[in-house]
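Residue-level listing of the chains:
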Amino acid sequence: KATMHLGIRVRQERERQGLSREDLTQRMPENMRMHTNTLWNIEVGRTKNPRMDQLQALAQALGVSVPYLMGQADDPSTVRRTKHNSQNFE
């Protein structure tokens, strides 16, 4: 469901931008960078409940919104600020 959308959207967006998994992880902020295996697990749906910081790192590195990655918005640039996705920003 939501994780299915997440994996599909992450992979599609990564491939659309011509990025390898390694390229994508290198785009993430250093303090939020995930291992390429973690990214693979998200893309194939093995990670059922990714942490919010992981979602934010993916969205930021891909230049899209968290709601878009989660399948909650069709527009990649739609940004919805919630308690959850704004807590780690300064």
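The structure we're discussing is the one just above.
Caption draft 1: Region of the structure containing the nonpolar core. Among the nonpolar cores identified, the biggest contains 20 residues, and Leu6, Val10, Leu24, Met28, Leu58, Leu62 and Leu69 are the most heavily contacted of them. Elements that contribute at least two residues to this core include exactly helix H1 (2–16), helix H3 (36–43), helix H4 (52–62) and helix H5 (66–69). Element by element, the count of residues in this core is highest for H4, at six residues. Excluding anything up to four places from it in sequence, Leu58 contacts Val10, Leu24, Met28, Met34, Leu39, Ile42 and Leu69.

Caption draft 2: Main features of the environment of Val10. Within the fold, Val10 resides in helix H1. Owing to a relative accessible area of 0%, Val10 belongs among the buried residues under this scheme. Taking the C-alpha atoms as reference, Val10 lies 6.5 Å from Leu69; in sequence the two are 59 residues apart. Setting aside anything within four residues of it in sequence, one finds Val10 in contact with Leu24, Leu39, Glu43, Leu58, Leu62 and Leu69.

Caption draft 3: Region of the structure containing H4. The element H4 is extensively covered by neighbouring structure, given that eight of its 11 residues are classed as buried. Along H4, the residues that are buried comprise Gln54, Leu55, Gln56, Ala57, Leu58, Ala59, Ala61 and Leu62. Once H4 ends, the next one or two residues include Gly63, with phi positive near 75°.

Caption draft 4: How the structure looks around the environment of Gln54. Residue placement: Gln54 occurs in helix H4. Linking Gln54 and Met32, residues 22 residues apart in sequence, is a C-alpha distance of 7.0 Å. The residues contacting Gln54, other than those within four sequence positions of it, are Met34 and Thr38.

Caption draft 5: The arrangement of the packing of aromatic side chains in detail. Taken as a whole and assessed by the stated rule, the structure comprises zero aromatic pairs. Here Arg9 stacks its cationic end above the ring of Tyr68, 4.4 Å away from the centre of that ring.

Caption draft 6: Fine view of the pattern of salt bridges. Throughout the structure, instances matching the rule amount to four salt bridges. Notably, a salt bridge pairs Glu13 with Arg16, separated by 2.5 Å at the nearest N-O pair. Of the two residues, Glu13 and Arg16 are both situated in helix H1; the distance of three residues between them amounts to about one turn of the helix. With relative accessibility at 6%, the residue Glu13 sits in the buried group. Arg16 sits in the exposed class, given a relative accessible area of 60%. The salt bridge involving Arg14 is made with Glu43; its shortest N-O contact spans 2.6 Å. A residue pair is termed long-range when its members are at least 10 positions apart, and Arg14 in helix H1 and Glu43 in helix H3 qualify at 29 residues. Pair check on accessibility: Arg14 and Glu43 agree, each one buried. Put simply, Arg14, Arg21 and Glu43 are held in one network by salt bridges that share partners.

What counts, and where the lines are drawn
Residues numbered from 1 in each chain as written. Predicted model: local features only at pLDDT ≥ 70, side-chain atom pairs only at ≥ 80, totals over all residues. Heavy atoms only, no water. Core = buried A, V, L, I, M, F, W, Y, C linked by side-chain atoms within 4.5 Å. Buried < 20%, exposed > 50% of the residue type's maximum accessible area, 1.4 Å probe, protein only. Helix = DSSP H or I, 4+ residues; strand = E, 2+ residues; numbered from the N terminus. Contact = heavy atoms within 4.5 Å. Phe/Tyr/Trp six-rings, centres within 6.5 Å; stacked < 30°, edge-to-face > 60°. Lys NZ or Arg CZ within 6 Å of the ring centre and 35° of its normal. Salt bridge = Lys/Arg side-chain N within 4 Å of Asp/Glu carboxyl O.

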